Amino acid sequence: MAAVRPQWTAVKNAREALGLEGRTLLHAGPPLADPTRPPIPMLNAAVLSCLHEGWARDPSEAERLLASGAVRLEPSHTRSVATPLAAMVSPKTTLAEIAHGDSRYYAFLGSGAGPQQRFGTRDPAILERLAFRETVLAPGFTEFLDAPVDLLSLARAAIREGDDLHNRLSSATTLLHALLTTRKGESDSAKAALRTVAEAPLYFLNVWMPACQLILLAGDNDPGCTLVTRLCANGEVIGIQISALPGQWFTAPSPLVKGPFMKGAPPDPQFGPAIGDSGVIDAFGLGGQGLRHAPSLLNAFSCWMEADDDARARSMLAGFHPILETAYALDANTVAGSGRNPLLSTGMVSPDGRGLLGRGLCAVPIVPFVDAASA
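Residues numbered from 1 in each chain as written. Predicted model: local features only at pLDDT ≥ 70, side-chain atom pairs only at ≥ 80, totals over all residues. Heavy atoms only, no water.

This part is about the pattern of salt bridges. Considering all chains together, one arrives at 16 salt bridges under this definition. For Arg79, the salt bridge is made with Glu74, and the minimal N-O distance between the two is 3.8 Å. Taking relative accessible area as the criterion, Glu74 reaches 22% and is therefore assigned partly exposed. (Salt bridge = Lys/Arg side-chain N within 4 Å of Asp/Glu carboxyl O. Buried < 20%, exposed > 50% of the residue type's maximum accessible area, 1.4 Å probe, protein only.)

In structure tokens, the structure reads:
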């Protein structure tokens, strides 16, 4: 795992990168209990994807296609792509390719500031952002990727500047923008891609998720090894996989994500369940296990954390990363024996589909770790 050097190498659409064909959408987390009845934020995202692909003429038709199974929902991990919060990957979706040697994992490419599919609303303005991604950002970023972008070097510097690399990525995003400005990008599309990075403080998140996933999956198929290789949620359940048992999920009901509501949050907000593939960052050892790196988050989340959180986090991590110089690699056996919960530091999405509420924390249930360690 420590030998993996993830790099951003290309942008491709999901049809080309994943072989995604037909009326199929990819969602975050383990499989849904009933893919024809996803949680409301995912349903909203799926409706917009149907309209983006031209499979439906209006939201009502899209809902009928989804309810009938004519448009299928499948977990994104089965196609090696990381999906943030409630977002969906469809055949047209532009993806970032993250590579190490012959290994590839893909990222849902962010479309920048403004309305976002990952927040789980049905705002029609999101369709304009999706079209912008496919027609402008895709060729723009292609210009900048004439050479790979080394992600560990950016992450290393960002940690030292106060990022936990899950809920705070402003330093990493600034560093990514600075790197891209050193490269040749003269077209209007390239200039738009640069502006997009500059306007979205969390832009680094989407390429960092698959980078962490590539690192953890390098530890797969080690008999008896209880290192966590996946951690994600779908708004119904949260699940993990471990090195010794690749492909086998250990799950529990998805816990509520709690934190301070942001300015401009919908009225009368209610905390919603964890959703998204970004828990891989917390399984890596950052995010909820790396809050010591982010003083601003420690202050914001103090009401939802224990005083000795740093000791909790370090006790659950099995190794020390030689480049990032931080403890990493969540161990299910250690978690099970400690009786303490790992934390997930992630976005809060309104469960009724009204959008982003802010940034928060949740305690990942201990049951999946106990089950995995004893399997």
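Moving on: the packing of aromatic side chains. Taken as a whole and judged by the stated rule, the model has six aromatic pairs. Between Phe141 and Tyr203, the ring centres sit 5.9 Å apart and the planes meet at 25°, which makes this aromatic pair stacked. Taken together, the residues span a long stretch of sequence, with Phe141 in helix 4 (residues 125–144) and Tyr203 in the loop between helix 7 (188–199) and helix 8 (204–217) at a distance of 62 residues. The class of Phe141 is buried, set by a relative accessible area of 0%. Here Tyr203 falls in the buried class, since its relative accessible area comes to 5%. Consider the rings of Trp208 and Phe284, whose centres lie 6.2 Å apart with planes at 75°: the pair is edge-to-face. In this pair, Trp208 sits in helix 8 while Phe284 sits in helix 9 (residues 279–284), placing the two residues 76 residues apart along the sequence. Under the relative-accessibility criterion, Phe284 is labelled buried at 0%. (Phe/Tyr/Trp six-rings, centres within 6.5 Å; stacked < 30°, edge-to-face > 60°. Helix = DSSP H or I, 4+ residues; strand = E, 2+ residues; numbered from the N terminus.)

Turning our attention to the sheet that holds strand 1 (residues 7–13). With mixed pairing, the five strands of this open sheet are ordered in space as 4-6-5-1-7. Only two strands of the sheet have a single partner each, and these edge strands are strand 4 (81–82) and strand 7 (149–150). Two elements, strand 1 and strand 5 (residues 94–100), share six bridges in a ladder whose sense is antiparallel. Following the sheet pairing, Val11 is matched in strand 5 by Ala96. Lying on the sheet, helix 8 is in contact with strand 1, strand 4, strand 5 and strand 6 (103–108); it crosses strand 6 at an angle near 150°. (Pairing = 2+ DSSP bridges. Contact = heavy atoms within 4.5 Å. Axes fitted to C-alpha atoms, helices over the stretch in contact; angles between N-to-C directions.)

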